[in-house]
Amino acid sequence: MAEAPVIALLQVIFEKLSNEALKKYVRSHGIHSELNELEITVSHIQALLNDASHKEITDESVGLWLNSLQHLAYDIDDVLDDVATEAIHHELAQEDSGVIIGKARKLIPSCCTNFSLSHRLHEKLDSITTRLQHLEKQKADLGLIVKDEKQKDLNRGNETSLLESDVVGREVEKEKLLNKLLCDDLSKENFSVLPIVGMGGVGKTTLARLLFNDTQVKDHFELKVWVCVSDDFDIFKISNTIFQSMTRENKKFEDLNQLQVALTEKLKDKRFLLVLDDVWTESYDNWENLVRPFHLGAPGSKIIMTTRKEKLLKKLGFDHLDHLESLSGKDALSLFALHALGVNNFDSHPTLKPKGEGIVEKCGRLALALKAIGRLLRTRTDEEKWDDILNSKMWDSKNVGNLCEDWKVIVPALRLSYHDLSADLKRLFAYCSLFPKDYLFKMEDLVLLWMAEGFLNHSNTSKSQERLGRECFEELLSRSFFQPAPNKESRFVMHDLMNDLATYVAGEYFLRFDMHMDMEEKALAKYRHMSFLPFPERYVVYQKLEAFKKARSLRTFLIVSPMDESWNQFYLSRKILIDLLPGMPLLRVLSLRWCYISEVPDFIGSLKHLRYLNLSHTEIKELPEAVGNLYNLQTLIVFCCEKLTKLPNSFSKLKKLRHFDMRGTSISKKLPLGIGELKSLHTLTNIIIGRNNGFAITELKGLKNIQGKFPLRGCIKCKAPCKHEKQTYL
């Protein structure tokens, strides 16, 4: 499934190459011809990706080609980011009027000043262009062509109204919906919509069938029609299916108008029940055009809509939607037994019951997955086979290489949901493979990580990256890729199967490393994003991570610790900070959260690509002056660094800083001059006005992007500390 991140990343690269400001800068440094050639080749490659995305499923060589392209795309993006960073430095140097250029250059890493930009990048750009052209030339051997039309899944649209013979459970849900179906609404419309919302494979269609075939329902409605809509919301096709189902006529219509006029005549003054199964559209206009003939039906008419998406329903006025949950443990076990043993219990095979219970939970009690695994075990009653399934490596997300064929059998519905996502959303979801199972996370935290990785950079929207990130998060949440954490306000979690899916689609670019894993240096060279799970250990020695000295292409070094008050600091070998991390020059995300470290090494200033730095819950006392070299830094978190008392004087150079969380520190008493010049700031926490820190309230006037509220403390009525001191929120 390599096509999604490639498409998204190449689009970002193409936008960067088309940027006029970047073009102007590279022309002045003599590398514009190389970038022009690169832009042309990238556009040729982009045109092949639609075809490649379909062929990689059955052609392993196409998948390998896409993987090579993905790695090359990362390299291209790194070079372009290098150029953009150099441009920022050049701009800042020009702004520092009155400062000797030689002195200004002492504040940047030596690697940026030893050679001119063209000298440093010429050889690298030539190599990249050659590799890209080589991939383009392989298109003939792979049979890749320019293809605009999106292929449809020929298996979609095959669900019918006929009731299955193996339905288990859903009595409570059916009774609740049946009451709504048979009651007469006090609605201004003659028909009302009854939604059944839930993740793929949970049993939405099965529940709709139970309602559609109920005896009371048959007697209540004059007309009953079932249409499987699928992802192709073709209004003419859907309307024609409804008409033919009602009339049993094979009448031909020249256009939609004729068809809907005829449909209106058939529905007029009749109480009807229409099931629209598997609706994927989110267009309100499409919906309005479809339902025009339904307004003349008799009052009390109903439309049952099964869907994984909430957006259209919210546009129709459904503010609160009840999602169909997985089967209960008892019903799930019965359904599994029915498909595995041919009976709905384990009375004849009591020794298999504990194993069955384990498999049921690993399937997330999803009906579709239970049926698939049950069929794998059909009539097999030997305990060894059941143990093989229960303990299979396919459940272990670290062994993603073994999942490919098994995944198609186990959770096709989840893969279908994934394939319906845009390339951007696929990339955002795959990034969540860095989180361990059952990990609780906040939307705000995840959005900042997405932003730092460059996933939210879109030139075709006026929305802020933060807003776009929140909308993407809500979209994934509405499709059940995320779910609210039980009893944890504002926190979220991924279902285990969704976590496995994320790990599978993330491929060879993401690594979730824990203390029980051993890695070969050679294997680490390919990874671009890495999370590290230190718990339950309290001491992390250099030898455990020594192999990562070969991981020079890493963009992400994310320490993942439980979002839990009971978690304490762990000790990170100083050698890791001094010898290992400096060898990762492409880092964009660095989190040392909960590490027991007392200082931040000066090398931090050489990480010129860095966008996100999280030092929360550490023992640091100060930040080095080299932090001012992080021209790209967007997020700096020093939350609960209780010993941190001051910021470096170079702090005001962080022109791209958007979020600065200093809660739980004392630095708000000694903010350096120039904070007001950081005009990109969206978040600034807990500052103190006046006294001896030199921070005046007038510094805030230029911070027009500040959002939400933060404590503004200081003496309002007099300059000296006194009883009049107040706390104000902005």
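Bear in mind the structure is a predicted one, so any value in this text is a computation, not a measurement.

Trainee: Where do I start with the overall build of the protein chain in this structure?
Mentor: Tallying secondary structure elements over the protein chain gives 28 helices and 19 strands in all. The proportion of buried residues among the 730 residues of the protein chain is 54%. For the protein chain, long-range pairs separated by at least 24 residues make up 69% of all intrachain contacts whose partners lie at least 6 apart in sequence. Carbon and sulfur atoms provide 49% of the accessible area of the protein chain, an area that totals close to 33700 Å².

Trainee: Just to check I follow, could you spell out the pairing of strand E3 (residues 272-279) for this structure?
Mentor: Side-chain direction in a regular strand flips from residue to residue, so the side chains alternate between the two faces of the sheet. Summarising burial for E3: eight of the eight residues are buried, a large majority. In this sheet, E3 lies alongside strand E2 (residues 223-230) in parallel orientation, the contact comprising seven bridges. Directly across from Val-225, in E3, lies its bridge partner Leu-274. In this structure, E3 lies alongside strand E4 (residues 301-307), joined through five bridges in parallel fashion. Of the residues in E4, the one forming a bridge with Leu-273 is Lys-302. For the crossover that starts at E3, traverses helix H14 (residues 284-291) and ends in the parallel E4, the hand is right-handed.

Trainee: What's the story with the packing of helix H17 (residues 353-362) against helix H19 (residues 383-390) in this structure? I'm lost.
Mentor: How two helices pack is summed up by the angle between their axes together with the distance between the axes. The N-to-C vectors of H17 and H19 enclose an angle of 25 degrees; their axes lie 10 Å apart at closest approach. When the axis of H17 is compared with that of H19, the two are roughly parallel. Where H17 crosses over H19, the two elements pack in a sense that is left-handed. In contact with Lys-355, Gly-356, Gly-358, Ile-359 and Lys-362 of H17, H19 contributes Glu-383, Trp-386, Asp-387, Ile-389 and Leu-390.

Trainee: What exactly am I supposed to notice about the pattern of salt bridges here?
Mentor: A side chain with one charge may pair with a side chain of the opposite charge, provided their charged atoms come close. Using the criterion set out here, one finds 32 salt bridges in the structure. One salt bridge connects Arg-528 with Asp-75, and the closest N-O pair in it is separated by 3.2 Å. Of the two residues, Arg-528 sits in the loop between helix H26 (521-524) and strand E8 (529-533) while Asp-75 sits in helix H5 (residues 60-95), which places them 453 residues apart along the sequence. Between Lys-311 and Glu-282 there is a salt bridge whose closest N-O contact spans 3.9 Å. Of this pair, Lys-311 sits in helix H15 (residues 311-315) while Glu-282 sits in the loop between E3 and H14, and the two are 29 residues apart along the sequence. Residue Lys-311 is classed as partly exposed on the basis of its relative accessible area, which comes to 36%. Each of the salt bridges in this network shares a partner with another, and the network as a whole consists of Lys-16, Asp-75, Asp-77, Asp-78, Asp-81, Arg-131, Arg-528, Arg-555, Arg-588 and Arg-611.

Trainee: Just to check I follow, could you spell out the packing of helix H22 (residues 423-431) against helix H24 (residues 465-478) for this structure?
Mentor: The interhelical angle for the contact between H22 and H24, taken along N-to-C directions, is 80 degrees, at an axis separation of 11 Å. On the basis of their axis angle, the class for H22 and H24 is roughly perpendicular. Packed against H22, whose contacting residues are Leu-425, Leu-428 and Phe-429, the element H24 presents Cys-472, Glu-475 and Leu-476 at the interface. Across the contact of H22 with H24, the residue classes break down as five nonpolar, no polar and one charged.

Trainee: Looking at this structure, I do not really get the sheet that holds strand E16 (residues 683-684). What am I missing?
Mentor: Sheets are built from strands that pair by backbone hydrogen bonding, the pairs being arranged parallel or antiparallel. Ordered by their spatial adjacency, eight strands build an open sheet running E7-E8-E10-E12-E13-E14-E15-E16, and the pairing between neighbours is parallel. Here the strands that pair on one side only, and so sit at the sheet edges, are strand E7 (510-514) and E16. Here E7 pairs with E8 via five bridges, running parallel. For Phe-513, the partnering residue across the bridge sits in E8 and is Phe-532.

Trainee: Which parts of the structure should I look at to understand the environment of Leu-121?
Mentor: Topologically, Leu-121 is positioned in helix H7 (residues 117-137). With a relative accessible area of 1%, Leu-121 lands in the buried category. Once the C-alpha coordinates of Leu-121 and Asp-82 are considered, the two residues, 39 residues apart in sequence, prove to be 9.1 Å apart. Every residue in contact with Leu-121, bar those within four places of it in the chain, is listed here: Ile-31, Val-79, Asp-82 and Val-83.

Trainee: How should the sheet that holds strand E1 (residues 191-197) be read in this particular structure?
Mentor: With parallel pairing, the four strands of this open sheet are ordered in space as E1-E4-E3-E2. Two strands close off the open sheet at either side, each with one partner strand: E1 and E2. Within this sheet the neighbouring strands show an average axis-to-axis angle of 15 degrees, counted without direction. As paired strands, E1 and E4 are joined by seven bridges and run parallel to one another. Within E4, the position partnered with Ser-192 by the bridge is Lys-302. Contacting E1, E3 and E4, helix H9 (residues 171-182) crosses the sheet at an angle of about 165 degrees to E1. Packed onto the sheet, H14 meets E1, E3 and E4 and runs at close to 145 degrees relative to E4.

Trainee: I'm lost on the packing of aromatic side chains in this one. Help?
Mentor: Pairs of aromatic rings are described using the distance from one ring centre to the other and the angle between the two planes. Under the criterion given, the structure shown has 22 aromatic pairs. Judged by centre distance (5.6 Å) and plane angle (85 degrees), the ring pair of Phe-212 and Trp-226 falls under edge-to-face. Here Trp-226 lies in strand E2 and Phe-212 lies in helix H10 (residues 204-212), a separation of 14 residues in the sequence. The class for Phe-212 is buried, based on a relative accessible area of 6%.

Trainee: So what exactly am I meant to see when it comes to helix H13 (residues 256-267) here?
Mentor: Working note: α-helix, 3.6 residues per turn, so residues spaced by three or four point in the same direction. For H13, spanning 12 residues, the distance from its first C-alpha to its last is 16 Å, which sits close to the expected 16 Å at 1.5 Å a residue. Of all the residues in H13, the buried ones are Leu-259, Gln-260, Ala-262, Leu-263, Thr-264 and Leu-267. As for H13, its buried residues are in contact with E2, helix H12 (235-247), E3 and H14. At the N-terminal end of H13, a side-chain oxygen is found 3.2 Å from the backbone nitrogen of Asn-257, two or three residues along, and the residue is Asp-255. Just downstream of H13, Asp-269 is the residue with a positive phi angle, here 65 degrees.

Trainee: I would appreciate a short explanation of the pairing of E8 in the present structure.
Mentor: Within E8, five of the five residues are buried, leaving the element largely enclosed by the surrounding structure. Side chains His-529, Ser-531 and Leu-533 of E8 all project onto a buried face; the interleaved residues Met-530 and Phe-532 project onto the opposite face, where all are buried too. When E8 meets strand E10 (residues 556-559), the two strands line up parallel, connected through four bridges. Bridging from a neighbouring strand, Met-530 pairs with Phe-557 of E10.

Trainee: Help me out: how do you make sense of the nonpolar core in this one?
Mentor: Within soluble globular proteins, side chains that are nonpolar generally end up buried alongside one another. Counting 122 residues, the largest nonpolar core has Trp-65, Phe-336, Phe-429, Trp-450 and Phe-482 as its most contacted members. For this core, the leading source of residues is H5, giving 11 residues. Residues in contact with Phe-429, not counting those within four places in the same chain, are Tyr-418, Leu-476, Phe-481, Met-494, Met-498, Leu-501, Ala-502 and Val-505. Met-515, Phe-532, Leu-587 and Ile-667 belong to the second-largest nonpolar core, a separate cluster that totals 60 residues.

What counts and what doesn't
Residues numbered from 1 in each chain as written. Predicted model: local features only at pLDDT ≥ 70, side-chain atom pairs only at ≥ 80, totals over all residues. Heavy atoms only, no water. Helix = DSSP H or I, 4+ residues; strand = E, 2+ residues; numbered from the N terminus. Buried < 20%, exposed > 50% of the residue type's maximum accessible area, 1.4 Å probe, protein only. Contact = heavy atoms within 4.5 Å. Areas by Shrake-Rupley, 256 points an atom, 1.4 Å probe, with all protein chains shown as cover. Pairing = 2+ DSSP bridges. Right-handed = clockwise from strand over helix to strand, strands pointing away. Axes fitted to C-alpha atoms, helices over the stretch in contact; angles between N-to-C directions. Parallel < 35°, antiparallel > 145°, perpendicular 65-115°, else oblique. Left-handed = near helix turned anticlockwise from the far one by under 90°. Salt bridge = Lys/Arg side-chain N within 4 Å of Asp/Glu carboxyl O. Nonpolar A, V, L, I, M, F, W, Y, C, P; charged D, E, K, R; others polar. Phe/Tyr/Trp six-rings, centres within 6.5 Å; stacked < 30°, edge-to-face > 60°. Expected span 1.5 Å × (residues − 1). Polar contact = N/O pair within 3.5 Å; in protein donor to acceptor, adjacent residues only side chain to side chain. Core = buried A, V, L, I, M, F, W, Y, C linked by side-chain atoms within 4.5 Å.

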